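Here is what each chain is made of, one letter per residue.
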Amino acid sequence: MQTFDTEAVDWPDAAPALREQVRALVAEHGERDPVERANSWTKADPEFSRRLGEAGLLGMTWPKEYGGHERSQLERYVVIEELLAAGAPVGAHWIADRQSGPLLLRLGNEELKRRWVPAIARGEAFACIGLSEPGSGSDLASVRTAARRDGDHWVLNGQKVWTTGAHVSHFMIALVRSEAGSERQQGLSQFVIPMDTPGVTVKPIVDLTGAHEFNEVFFEDVRLPASALLGTEGEGWKQATAELSLERSGPERYLSSMVLFLELVRHAEKYEDSTLQELVGRLAAEAWTLRLMSASVAAKLARGEDPALEATIVKDLGNSYEQAIPQLVQSVVDFGEADTEVLRAVCFYLLQVSPSFSLRGGTREIIRGIIARGLGLR
């Protein structure tokens with residue numbers, strides 16, 4: 001049975017100072033509407049991302065040679081936990097700092113690393129991930145976007161969809177079929193595609209709240225140099241699935257609805273209502289448990305261990321938690337009362353967007369299949 005060694009989380013001495021630093025930066029950036037702070041890690045604010053870069057709070061664990069700061073995984077955890085709890089607008093740099101930068105450092109050639117990694121650490125380069133395609137659903141292995149060799153170049157044609165942040169990104173790391181006639185997980189490779197390359201077209205997908213976070217991205221005879229290949233040709237499946245493990249265990253997997261929880265606490269303080277108090281206690285206990293589990297994954301990363309299975313478990317439990325909060329709040333709060341305006345606005349917003357929480361980073365069905373295999377159950 002898989003266990004989480006929560007007692008092995010040794011919080012860094014720098015944690016209190018880091019928390020104060022982040023809180024000061026958020027306060028300096030100005031007060032934001034509670035609805036804007038909900039689900040914050042998809043909200044892009046390039047200027048705020050640049051300020052974090054200037055403060056040394058991006059690329060925290062990366063080598064100084066590439067613009068990083070060589071701090072620990074747990075120090076980074078403290079920073080992102082504070083940012084998410086505050087509802088800070090971190091969407092612009094989020095993917096680049098969380099997974100694209102580490103992937104480039106691990107697999108990129110020197111040209112790719114020098115071009116992109118220091119800029120990410122400065123908060124000046126943002127990234128998106130080219131995985132999902134039309135008609136594929138969660139079947140990532142059905143990739144049809146293709147790259148063919150043309151002398152010393154590659155030429156890409158195809159389409160990606162549901163690409164978060166493509167409209168503000170400077171580059172995409174895309175999974176494409178690089179071997180003609182190959183099927184499923186075979187013959188796939190990853191490429192780093194500058195978004196201003198001729199032939200790349202981004203079209204917005206506006207969600208039911210009116211927000212623009214997702215996009216369609218089209219590739220029409222996009223010509224890339226050989227150096228755009230990331231890692232090893234034909235190893236794209238292995239590389240992409242390893243990349244996904246980087247995004248499954250962070251505090252974003254249970255803090256997406258935290259602004260609503262905090263508004264619920266403020267509301268419950270005004271009433272002697274046992275139902276409200278019981279819900280606050282239940283949600284607080286679950287959040288604390290998820291925090292310990294998530295932090296233990298960060299501690300394993302800090303020790304050089306591979307917590308891929310634990311990260312997947314955190315994602316599944318965390319998504320269930322953050323999706324349940326707006327429904328639970330709706331079931332116990334009388335929104336007809338005069339002082340529930342903010343609580344009602346945040347709750348109704350999250351009721352609309354929370355179904356997507358279990359889609360990003362892998363659907364619940366896919367995630368539970370990974371967990372079952374990891375536990376030897378199938």
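Note that the structure is predicted; figures quoted are calculated from it, not measured. (Residues numbered from 1 in each chain as written. Predicted model: local features only at pLDDT ≥ 70, side-chain atom pairs only at ≥ 80, totals over all residues. Heavy atoms only, no water.)

Attention shifts here to the overall build of the chain. For the chain, the count of helices and strands is twelve helices and eight strands. Expected size for 378 residues packed as a compact globule is a radius of gyration near 21 Å; at 21 Å, the chain falls within 12% of this value. Projecting the C-alpha coordinates of the chain onto the three principal axes gives extents of approximately 75 × 45 × 45 Å. Going through the 378 residues of the chain one by one, you find that 53% of them count as buried. Within the chain, contacts between residues at least 6 apart in sequence are counted, and of these 74% link residues at least 24 apart. (Helix = DSSP H or I, 4+ residues; strand = E, 2+ residues; numbered from the N terminus. Rg over C-alpha atoms; globule rule 2.2 N^0.38 Å. Buried < 20%, exposed > 50% of the residue type's maximum accessible area, 1.4 Å probe, protein only. Contact = heavy atoms within 4.5 Å.)

All right, on to helix H1 (residues 15-29) then. For H1, spanning 15 residues, the distance from its first C-alpha to its last is 21 Å, which sits close to the expected 21 Å at 1.5 Å a residue. Within H1, the full set of buried residues consists of Ala-15, Leu-18, Arg-19, Val-22, Leu-25 and Val-26. Burial along H1 is one-sided: seen end-on, the buried residues are contained in an arc of 130°. Of the residues in H1, the exposed ones pointing more than 90 degrees away from the buried face are Pro-16, Ala-17, Ala-27 and Glu-28. Next to the buried residues of H1 lie helix H3 (46-54), helix H4 (73-85) and helix H9 (274-302). Directly after H1, the chain includes Gly-30, whose backbone phi takes a positive value near 105°. (Expected span 1.5 Å × (residues − 1). Arc of directions from axis to C-beta.)

Close contact between helix H8 (residues 258-268) and helix H10 (residues 308-332) brings their axes to 9 Å; oriented N to C, the two are set at 35°. Two packed elements cross with a definite hand, and for H8 against H10 that hand is left-handed. Every residue of H10 that contacts H8 at Met-258, Leu-260 and Leu-264 is listed here: Tyr-321, Ile-325, Pro-326 and Val-329. Of the residues that constitute the contact of H8 with H10, the class distribution is seven nonpolar, no polar and no charged. (Axes fitted to C-alpha atoms, helices over the stretch in contact; angles between N-to-C directions. Left-handed = near helix turned anticlockwise from the far one by under 90°. Nonpolar A, V, L, I, M, F, W, Y, C, P; charged D, E, K, R; others polar.)

This part is about the confidence of the model for the chain. Any segment with low pLDDT has predicted coordinates that should not be analysed in fine detail. Model confidence for the chain is summarised by a mean pLDDT of 87, while 91% of its residues fall at 70 or above. Of all secondary-structure elements in the chain, the lowest mean pLDDT belongs to helix H12 (residues 364-374), at 67, while helix H6 (residues 110-121) reaches the highest, 98. (pLDDT = per-residue confidence, 0-100.)

Here seven bridges tie strand S6 (residues 200-206) to strand S7 (residues 212-225), and the two strands are oriented antiparallel to one another. Paired with Val-206 across the strands is His-212, a residue of S7. (Pairing = 2+ DSSP bridges.)

All told, the structure shown has 21 salt bridges when counted by the stated rule. Across the salt bridge formed by Arg-19 and Glu-81, the nearest N and O atoms sit 3.1 Å from each other. On the criterion of sequence distance, the pair formed by Arg-19 in helix H1 and Glu-81 in helix H4 is long-range, its members being 62 residues apart. Judged by its relative accessible area of 16%, Arg-19 falls in the buried class. The salt bridge partner of Arg-122 is Glu-124, with a shortest N-O separation of 2.9 Å. Taking the relative accessible area as the measure of exposure, Arg-122 reaches 41% and is therefore partly exposed. Overlapping salt bridges bring together Arg-19, Glu-20, Arg-23, Glu-81, Glu-82 and Arg-291 as one network. (Salt bridge = Lys/Arg side-chain N within 4 Å of Asp/Glu carboxyl O.)

Quick look at the packing of H1 against H3 now. Where H1 meets H3, the closest approach of the two axes is 11 Å, and the angle between their N-to-C directions is 145°. The handedness of the crossing between H1 and H3 is right-handed. The segment H1 lies against H3, with Leu-25, Val-26, Glu-28 and His-29 engaging Phe-48, Arg-51 and Leu-52. Here the residues of the contact of H1 with H3 sort into four nonpolar, one polar and two charged.

Time to look at the side chain of Arg-177. Relative to the elements of secondary structure, Arg-177 occurs in strand S4 (residues 171-177). Among the polar contacts made by the side chain of Arg-177, one reaches the main-chain carbonyl oxygen of Gln-186 at a distance of 2.8 Å. (Polar contact = N/O pair within 3.5 Å; in protein donor to acceptor, adjacent residues only side chain to side chain.)

This part takes up the side chain of Ser-49. Structurally, the position occupied by Ser-49 is in helix H3. What Ser-49 contacts, discounting residues up to four positions off in sequence, is Leu-58, Ala-92, His-93, Gly-123 and Phe-126.

A few words on unusual backbone geometry. Its identity is not glycine, yet Glu-70 carries a phi of approximately 50°, on the positive side. Its place among the elements puts Glu-70 in the loop between H3 and H4. Looking at Glu-70, the relative accessible area reads 49%, which means it is partly exposed. Backbone geometry at Asp-221 places phi at a positive 50°, although glycine is not the residue there.

Time to look at the packing of aromatic side chains. In the structure shown here, the tally under the stated rule is five aromatic pairs. When the ring of Trp-162 is compared with that of Phe-214, the centres are 5.7 Å apart and the planes differ by 90°; the resulting orientation is edge-to-face. Placement of Trp-162 in the loop between strand S3 (153-160) and S4 and of Phe-214 in strand S7 is noted, with a sequence separation of 52 residues between them. By relative accessible area, which is 51% here, Trp-162 ends up exposed. When its relative accessible area of 23% is taken as the criterion, Phe-214 is described as partly exposed. It is Lys-203 that lies over the ring of Phe-218; its NZ or CZ is 5.2 Å from the centre. (Phe/Tyr/Trp six-rings, centres within 6.5 Å; stacked < 30°, edge-to-face > 60°. Lys NZ or Arg CZ within 6 Å of the ring centre and 35° of its normal.)

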